[in-house]
Amino acid sequence: MKQGKIPVWLSGTLVVGAFALLRLLERGRPLRREVEPKLRRNARNLAVAGLAAASFQLVERPLIQPLTTLVERRRWGLVKLVRLPTWLEVTLAVVLMDYTLYLWHVLLHRLPFLWRFHVAHHVDLDLDASTALRFHAGELAISTGWRAGQLVLIGVSPLALSVWQTFLLLSALFHHSNVRLPVEVERKLNRVLVTPRMHGIHHSIVEEETNSNWSSGLTVWDWLHGTLRLNVLQDRITIGVPAYREPEEVRLVEVLKMPFVAQRPTWVLPGGGEPRRRLCTVAANQLLP
Ligand SMILES: [Zn+2]
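A brief report on the enclosed structure follows. (Residues numbered from 1 in each chain as written. Predicted model: local features only at pLDDT ≥ 70, side-chain atom pairs only at ≥ 80, totals over all residues. Heavy atoms only, no water.)

1. Quick look at the environment of Ile237
Along the chain, the position of Ile237 falls in the loop between helix H10 (220–225) and helix H11 (252–257). The residues contacting Ile237, other than those within four sequence positions of it, are Gly200, Ile201, Ser204, Val232 and Arg278. (Helix = DSSP H or I, 4+ residues; strand = E, 2+ residues; numbered from the N terminus. Contact = heavy atoms within 4.5 Å.)

Below, the structure written as structure tokens:
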């Protein structure tokens, strides 16, 4: 059974359905005011996403798919140390994948070479479900090495991999979306899952705010590492990075070239100076509207 996996038609339907639903909600209940025309931005993000998907198919997939089969056959990895029921083994593997993705996300921000690629995701001047798919093709290719390490160390079966991939895609679409949930509902959800207000803070132009909320599925990793920050009002957030504030600087070609050209100091505004964090007297773990 663990050699089996979620059928592509099912995960595909879930992802496309979630995207369509979030788009509808974004139109009816937007969380943040948008600065660029939505259609133009979405078309650009989907073009970046198309190249990322091609990179995934060409580089990552041919390696990780057979690797999970091998992991399963040889019983490599932490979750294979004892024999567990399939549901428990898959759950554990997904949780550990989620944690090690948190670590990878921290590295993407902390290591200058990786930031060159990840910045292409962060320069989007708005944040919505389409941003969830907008990663530089190079970032996906480079992450293949990390992914292979995750699979072998954790012991990820083909089934667990397909569950994690589907969970990650749905989670990313949701927490990047520009949907205004009732704040009470979001507070409850946020105890377990990364939500739109929480991830909006990670996309702020204020460096200290970006350097928080690195989780991409479960909130617990930020909580455990002390990197959880929820006390920022959404209407005070400016999305993006300080170095690129103009729509002409983040067009498709500019975004694709970004890792390969001279890097601007990310956290300095074009006119000099850094955006300041708003002083907040509310505890960091309190989700503000
Ligand atoms: Zn990030």
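2. Observations concerning the coordination of the zinc ion
Distances from the zinc ion to its protein donors, namely His105 (NE2), His109 (NE2), His118 (NE2), His122 (NE2) and His202 (NE2), fall within the range 2.2 to 2.3 Å. Here the donor residues for the zinc ion map to a single chain with the spacing H-x3-H-x8-H-x3-H-x79-H. With His118 in helix H4 (residues 112–122) and His202 in helix H8 (residues 196–202), the pair connects residues that are 84 residues apart, well separated along the chain. His118 gets classed as buried once you look at its relative accessible area, which sits at 2%. For His202, a relative accessible area of 0% corresponds to the buried category. (Donors = N, O, S within 2.8 Å, 3.2 Å for Na, K, Ca; no water. Buried < 20%, exposed > 50% of the residue type's maximum accessible area, 1.4 Å probe, protein only.)

3. A word on a nonpolar patch on the surface
Together, Leu78, Leu81, Val82 and Leu153 make up an exposed nonpolar region whose accessible area comes to about 430 Å². By the element assignment, Leu78 lies in the loop between helix H2 (38–74) and helix H3 (86–110). (Patch = residues over 30% accessible without salt bridge, like charges linked within 9 Å, V, L, I, M, F, W, Y side chains within 5 Å. Areas by Shrake-Rupley, 256 points an atom, 1.4 Å probe, with all protein chains shown as cover. Salt bridge = Lys/Arg side-chain N within 4 Å of Asp/Glu carboxyl O.)

4. Observations regarding the packing of aromatic side chains
Going through the model one piece at a time under the given rule, you end up with six aromatic pairs. When the centroid spacing of 4.8 Å and the interplanar angle of 45° are considered together, the rings of Tyr99 and Trp221 count as tilted. Note that Tyr99 is positioned in helix H3 and Trp221 in helix H10, a separation of 122 residues in sequence. For Tyr99, a relative accessible area of 24% puts it in the partly exposed group. Ring geometry for Phe117 versus Phe260: centroids 5.9 Å apart, planes at 85°, classification edge-to-face. Remark: Phe260 occurs in the segment after H11 and Phe117 occurs in helix H4; sequence separation between them is 143 residues. (Phe/Tyr/Trp six-rings, centres within 6.5 Å; stacked < 30°, edge-to-face > 60°.)

5. Regarding the pattern of salt bridges
Per the counting criterion, the structure on display carries 16 salt bridges. We note a salt bridge from Lys38 to Asp128, for which the minimum N-O separation is 2.9 Å. In this pair, Lys38 is assigned in helix H2 and Asp128 in the loop between H4 and helix H5 (137–154), connecting sequence segments 90 residues apart. Asp128 sits in the buried class, given a relative accessible area of 0%. Among the charged side chains, a salt-bridge network with shared partners connects Arg23, Glu26, Glu34, Lys38, Arg41, Asp124, Asp128 and Arg134.

6. Describing the nonpolar core
Core analysis: the biggest nonpolar cluster contains 21 residues, and Met97, Leu151, Ile154, Val156, Leu161 and Trp164 have the highest contact counts within it. For this core, the elements supplying multiple residues, two or more each, are H2, H3, H5 and helix H6 (158–176). Ranked by residue count, the leading element in this core is H3, at seven residues. Excluding residues that lie within four positions of it along the chain, Leu161 makes contacts with Ile64, Gln65, Thr68, Leu151 and Val156. (Core = buried A, V, L, I, M, F, W, Y, C linked by side-chain atoms within 4.5 Å.)

7. Structural notes on the environment of Phe135
Looking at the element boundaries, Phe135 is found in the loop between H4 and H5. Sequence separation between Phe135 and Asn178 is 43 residues, and the spatial gap between their C-alpha atoms is 18 Å.

8. Things to note about H5
For H5, built from 18 residues, the straight-helix expectation of 26 Å at 1.5 Å per residue is met to within 8% by its first-to-last C-alpha distance of 25 Å. Three or more residues of H5 are buried, namely Gly138, Glu139, Ser143, Thr144, Arg147, Ala148, Gln150, Leu151 and Ile154. For H5, the secondary structure elements touched by its buried residues are H2, H3, H4 and H6. Within two residues after H5, Gly155 carries a phi angle of roughly 90°, on the positive side. (Expected span 1.5 Å × (residues − 1).)

In short, geometric facts, not functional conclusions.
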